[in-house]
Amino acid sequence: MTVNNDLHAVLAQPAGLTDDDVRIIQQDFPALHQEIHGRRLVYLDSGATSQKPRWVLEAEREFYETCNAAVHRGAHELAVRATDAFEDARTTVAAFVRAAPEELVWTANATAGINLIAQALGNASIWAERGRGGQEIRQLALKPGDEIVVTELEHHANLIPWQELAFRTGAVLRFIPVDAAGSLRLEEAERLIGPQTKVVAFAHTSNVLGSVAPVHELVQLARRVGALVVLDACQSAPHMPLGLPSLDVDFAVFSGHKMLGPTGIGVLYGRRGLLDALPPVHTGGSMITTVTMERAEYLAAPQRFEAGTQPVGQAVGLAAAVQYLDGIGMDRIHASVTVLGQRLAEGITAIRGVKLLGPPAGEPRIGLAAFDVEGVHAHDVGQYLDSLGVAVRVGHHCAQPLHRRLGLSASTRASAYLYNTTDDIDEFLAALSGVRPYFGVGK
Ligand SMILES: Cc1ncc(COP(=O)(O)O)c(C=O)c1O
């Protein structure tokens, strides 16, 4: 596998990423070297999905060329290689978030991870009701009147699975509201998280506002009442060093495709012991110890949650992605995207008729910024920017309740990553300044 030669010089440097460093990194990303509508592509949609370096593309290709076989069951050499590659990938990705390999379940993406936990908890309720499983199952089971607490800023992926769990179990869904600026109202969290609370689920960083949740405070509130904590780390895992055990959450999820990895692979982290206590969700091959015609005994985690043929090539690709990120250094990536996020926030705020969502410039935010252009629909904003080669995301970003709370139906979002320079941000800002004049609603 290869990275470009100049990258070695970037890797040897101590902190942050200069624009020159980023230009060297960009050489590893083929998709960035295209013209879009005759213009240089400025890709600012990494919050939706990231581009992939050759290192990752080659890792997947090498896997298929040299190791491809079904894992965990073959007696031949290729099956051994494939199993090793699959389990080594688990160890690599687990180490990336400071977890043990058996705490990491492969999923299709973050959405699948949250659904898995919510459905497993629903199954725990059914098992408890029907007298299956022991004391652990009864502790995990939700019953009518129990409460699930989420926040008003969640991505639908961290909302709808909880709505469905509430429906299945008779539990009640409560939410921590945000203020007009989109910050979580912690005093409300304190009031809401009480003896009935069984689950507290929230996003580490908002995919719309770019704000960072007060993880420590929320975990403390949940611990006080013995509730499980589920962290949606979909927008934080790509951007900052993440030690999941030290955050003291019970479960966390993230998606490979947002962090240089392939699509079709994601991660569910579950605290050791807890995963083994949960009933499975998907059942079938590769997750059992013994099966009779009447019933089955299940393997311990992670295998009990990995029924059927797994996304092996994708897991290998994700391991290569986190190696690439670690090679550059998550501290440096965090520092770099934070600078880009602030540049976005400041620049957007300075444009007349454009309203920045979320924390004001100068306040903590990751490398993304969503905004509303007064008098121009987000889809028109996106199309205009696209005509100038700038790729952004438009719509409700799978966060309809948050947009409703902010009095909007849609917004536009620019999101940066390790391969964006400050020039990319400035080019985007220059293009954004032209939107209202172009549509004849301002100067
Ligand atoms: C905060 C957050 N959670 C969950 C998701 C869902 O990710 P996926 O579609 O990869 O499952 C996203 C995707 O944008 C996200 O930003």
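Fair warning: this is a prediction, and the values are worked out from it, not measured in the lab.

Colleague: Is there a simple way to think about the site of the ligand in this case?
Modeller: Lining the immediate environment of the ligand, one finds Asn 109, Ala 110, Thr 111, His 155, Ala 157, Asn 158, Ala 203, Asn 207, Asp 232, Cys 234, Gln 235 and Ser 255. A per-class count over the shell around the ligand returns four nonpolar, seven polar and one charged.

Colleague: Please explain the domain arrangement of the protein chain as it appears in this structure.
Modeller: Interface size is often expressed as the accessible area that is lost when the parts come together. Examined at the domain level, the protein chain breaks down into domain 1 (7-51 + 330-438) and domain 2 (67-326). Put simply, the middle of domain 1 and the middle of domain 2, counted by C-alpha atoms, are 29 Å apart. Contacts between the two partners involve 28 residues from domain 1 and, on the opposite side, 28 residues from domain 2. Among the elements of the structure, helix H13 (330-349), strand S14 (368-373), helix H15 (400-405) and strand S17 (411-415) are those that each provide at least two residues to the side of domain 1 that touches domain 2.

Colleague: Would you mind showing me how to read the sheet that holds strand S16 (residues 393-395) here?
Modeller: Strand pairing in a sheet relies on backbone hydrogen bonds, with the paired strands running either antiparallel or parallel. Taken together, four strands build an open sheet; the order of strands is S13-S14-S17-S16 and the sheet is antiparallel. Two strands close off the open sheet at either side, each with one partner strand: strand S13 (354-356) and S16. Going from strand to strand, the sheet's axes swing by 30° on average, the running direction of each strand aside. Together, S13, S14 and S17 form the strand contacts of H13, whose direction differs from that of S14 by roughly 15°. Against the sheet, helix H14 (residues 378-387) engages S14, S16 and S17, with an angle of about 160° to S16.

Colleague: Sorry, what's going on with the packing of H13 against helix H16 (residues 422-433) here?
Modeller: When two helices pack together, you describe them by how their axes are tilted relative to each other and by the distance separating the axes. Running from N to C, H13 and H16 cross one another at 20°; their axes reach a closest spacing of 10 Å. By the angle class used here, H13 and H16 are roughly parallel. The handedness of the crossing between H13 and H16 is right-handed. For the pair H13 and H16, the contacting residues are Leu 340, Arg 343, Leu 344 and Gly 347 in the first and Thr 422, Ile 425 and Leu 429 in the second.

Colleague: What exactly am I supposed to notice about the pairing of S17 here?
Modeller: A regular strand carries its side chains on alternate faces of the sheet. Burial within S17 is extensive, with five of its five residues counted as buried. Covered by surrounding structure in S17 are Ser 411, Arg 413 and Ser 415 together with Thr 412 and Ala 414, the residues of both alternating faces. By the bridge criterion, four bridges tie S14 to S17 in an arrangement that is antiparallel. Across the sheet, residue Ala 370 finds its bridge partner in S17, namely Arg 413.

Colleague: Explain the pairing of strand S6 (residues 172-176) to me, please; I cannot follow it from the model alone.
Modeller: Of the strand pairs in this sheet, strand S5 (residues 147-151) and S6 are connected by five bridges, and their pairing is parallel. Within the sheet, the bridge partner assigned to Glu 147 lies in S6 and is Val 172. For the segment spanning S5, helix H7 (residues 160-169) and S6, crossover handedness is right-handed.

Colleague: What exactly am I supposed to notice about H16 here?
Modeller: Spacing of three or four residues puts side chains on the same side of an α-helix, whose turn is 3.6 residues. Over its twelve residues, H16 runs 16 Å from end to end, which matches the ideal 16 Å to within 8%, given 1.5 Å per residue. Along H16, the residues that are buried comprise Asp 424, Ile 425, Phe 428, Ala 431 and Leu 432. The buried residues of H16 occupy an angular sector of 125° when the element is viewed end-on, so they sit on one face.

Colleague: Teacher, can you tell me more about the sheet that holds strand S4 (residues 104-107) here?
Modeller: Strands sit in the order S4-S10-S9-S8-S7-S5-S6 across an open sheet of seven strands; the sheet is mixed. Of all the strands in the sheet, the pair left with one neighbour each is S4 and S6. Neighbouring strand axes in the sheet, compared pairwise and without regard to direction, differ in orientation by 20° on average. Here strand S8 (residues 228-232) pairs with strand S9 (residues 251-255) via three bridges, running parallel. Within the sheet, the bridge partner assigned to Val 230 lies in S9 and is Phe 251.

Colleague: Before we go on, may I ask you to explain helix H2 (residues 19-26) in this structure?
Modeller: If you check which residues of H2 are buried, you get Asp 21, Val 22 and Ile 25. For H2, the buried positions fall inside an angular range of 95° around the axis, keeping them on one side. With respect to the buried face of H2, the exposed residues turned more than 90 degrees away are Asp 19 and Asp 20.

Colleague: How should I be thinking about the environment of Asp 372 in this particular structure?
Modeller: With respect to the helices, strands and loops of the structure, Asp 372 is situated in strand S14. Taking the number of C-beta atoms within 10 Å as the measure of exposure, Asp 372 has 23 and is therefore buried. Between the C-alpha atoms of Asp 372 and Thr 412, which are 40 residues apart in sequence, the distance is 6.5 Å. The contact partners of Asp 372, leaving out residues within four places of it in the chain, are Lys 355, Leu 357, Leu 408 and Ser 411.

Colleague: Quick question: what am I supposed to make of the packing of helix H4 (residues 77-96) against helix H12 (residues 312-328) here?
Modeller: As a packed pair, H4 and H12 sit with axes 8 Å apart at the nearest point and diverge in direction by 40°. When the axis of H4 is compared with that of H12, the two are oblique. Crossing angle aside, the handedness with which H4 passes H12 is left-handed. Only Val 312, Ala 315, Val 316, Leu 318, Ala 319, Val 322, Gln 323 and Asp 326 of H12 make contact with H4, whose side of the interface consists of Ala 82, Ala 85, Phe 86, Asp 88, Ala 89, Arg 90, Thr 92, Val 93 and Phe 96. In the contact of H4 with H12, the residues fall into twelve nonpolar, two polar and three charged.

So, how was this worked out
- Residues numbered from 1 in each chain as written.
- Predicted model: local features only at pLDDT ≥ 70, side-chain atom pairs only at ≥ 80, totals over all residues.
- Near = placed C-beta within 6 Å.
- Nonpolar A, V, L, I, M, F, W, Y, C, P; charged D, E, K, R; others polar.
- Domains from an automatic or database assignment.
- Contact = placed C-beta atoms within 7 Å.
- Helix = DSSP H or I, 4+ residues; strand = E, 2+ residues; numbered from the N terminus.
- Pairing = 2+ DSSP bridges.
- Axes fitted to C-alpha atoms, helices over the stretch in contact; angles between N-to-C directions.
- Parallel < 35°, antiparallel > 145°, perpendicular 65-115°, else oblique.
- Left-handed = near helix turned anticlockwise from the far one by under 90°.
- Buried ≥ 20, exposed ≤ 12 C-beta atoms within 10 Å, placed from the backbone.
- Right-handed = clockwise from strand over helix to strand, strands pointing away.
- Expected span 1.5 Å × (residues − 1).
- Arc of directions from axis to C-beta.

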